[in-house]
Amino acid sequence: MNDEPTSGRSGPFWDAVEGRAPLPRAAATLGMEILKADPRGSVELAFNASEDFTNPVGNVLGAFLAAMLYDTVGPALLATLGPDQFQSTLELKTEFQRPARPGWVFGHGRVVRRDGDLAHLEAFLTDPGGATLATATALARVIDLDQAPSAV
C-alpha cells in the first residue's frame, strides 16, 4: 500500500493507513483505498464508484466526484500532520473534465504550500486509463484534533 516508512506515525489518518483503525464511514462509502501516503504531503487513492453513484444516463454523479476530491485533498494534508492535529477544509473548488463511469477512480492529492496554519491543496481524479475526470483546489486550516468536532 504505502512505500514510505510510516512506523511511529500515529493520529486518525495514519491509524487508518496502518490498519489500526477503520477508514472513516464516508470514505468507506466511497469505496476508498489508500494506495500511497507520503508524509511530505501527497496521497494516491482509489475509489470504487458503484452503480449507486450514477445519474439516469449511467455516469457517476458530479457530487460523488466532488466527495472523492474532498477525500483526496484532506488526506494529503493529514499525512503531514502530527497525531494531535487535524484539518478543516475552508474552501473546495471543483472542475469536471469528462464523465466518469462506475468502477475504479484514482485520486491524486498534494499540499501545494503551507502558510502557518493555512494550507493550499490540489487534487485530480483519473479513470483507469489515466484520463483526467475532475480537478480541485482547496484551502484548509490546520487545527488541534480536539477542535475537530466543532470546526467549520
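Above: the structure in question.
Residues numbered from 1 in each chain as written. Predicted model: local features only at pLDDT ≥ 70, side-chain atom pairs only at ≥ 80, totals over all residues. Heavy atoms only, no water.

A. Geometry of the environment of Arg9. With respect to the helices and strands, Arg9 occurs in the segment before helix 1 (12–17). Of the residues examined, Arg9 reaches a relative accessible area of 25% and is grouped as partly exposed. Linking Arg9 and Met68, residues 59 residues apart in sequence, is a C-alpha distance of 24 Å. Excluding residues within four positions of it along the chain, Arg9 makes contact with Trp14, Arg20, Pro39, Ala79, Thr80 and Leu81. Within polar-contact distance, the side chain of Arg9 engages the backbone oxygen of Leu81 at 3.5 Å. (Helix = DSSP H or I, 4+ residues; strand = E, 2+ residues; numbered from the N terminus. Buried < 20%, exposed > 50% of the residue type's maximum accessible area, 1.4 Å probe, protein only. Contact = heavy atoms within 4.5 Å. Polar contact = N/O pair within 3.5 Å; in protein donor to acceptor, adjacent residues only side chain to side chain.)

B. Here's a closer look at the nonpolar core. Counting residues in hydrophobic clusters, the biggest one holds 36 residues, and the most contacted among them are Phe13, Phe47, Met68, Leu77, Leu121 and Leu125. Where this core is concerned, the elements lending two or more residues are helix 1, strand 1 (33–38), strand 2 (42–49), helix 3 (62–78), strand 4 (103–115), strand 5 (118–126) and strand 6 (132–144). Ranked by residues supplied to this core, first place goes to helix 3 with 7 residues. Not counting chain neighbours up to four residues away, the residues in contact with Phe13 comprise Ile34, Ala37, Val43, Pro75, Leu78 and Ala79. (Core = buried A, V, L, I, M, F, W, Y, C linked by side-chain atoms within 4.5 Å.)

C. Here's a closer look at the packing of aromatic side chains. If you walk through the whole model with that rule in mind, you get 2 aromatic pairs. Look at Phe13 and Trp14: their rings are 5.1 Å apart centre to centre, the planes differ by 80°, and that puts the pair in the edge-to-face class. The buried category is assigned to Phe13, whose relative accessible area is 10%. Residue Trp14 is classed as buried on the basis of its relative accessible area, which comes to 1%. On the numbers, 4.2 Å between centres and 5° between planes, the contact of Phe53 with Phe64 is stacked. (Phe/Tyr/Trp six-rings, centres within 6.5 Å; stacked < 30°, edge-to-face > 60°.)

D. Representation of the environment of Ala148. On the secondary structure map, Ala148 appears in the segment after strand 6. On the basis of relative accessible area, Ala148 is assigned to the partly exposed category, the value being 24%. When sequence neighbours within four positions are dropped, the list of residues in contact with Ala148 reads Phe86 and Ile143.

E. Region of interest: the pattern of salt bridges. Here the structure, examined in full by the defined rule, presents 6 salt bridges. Arg40 is the partner of Asp38 in a salt bridge, and the nearest nitrogen-oxygen pair spans 2.7 Å. Assessed through its relative accessible area of 8%, Asp38 is described here as buried. (Salt bridge = Lys/Arg side-chain N within 4 Å of Asp/Glu carboxyl O.)

F. Helix 3, seen in detail. Taking 1.5 Å as the rise per residue, helix 3 with 17 residues should run 24 Å; its terminal C-alpha atoms sit 24 Å apart, in good agreement. With 12 of its 17 residues buried, helix 3 lies for the most part within the structure. Looking only at helix 3, the buried set comprises Leu65, Ala66, Met68, Leu69, Asp71, Thr72, Val73, Gly74, Pro75, Ala76, Leu77 and Leu78. (Expected span 1.5 Å × (residues − 1).)

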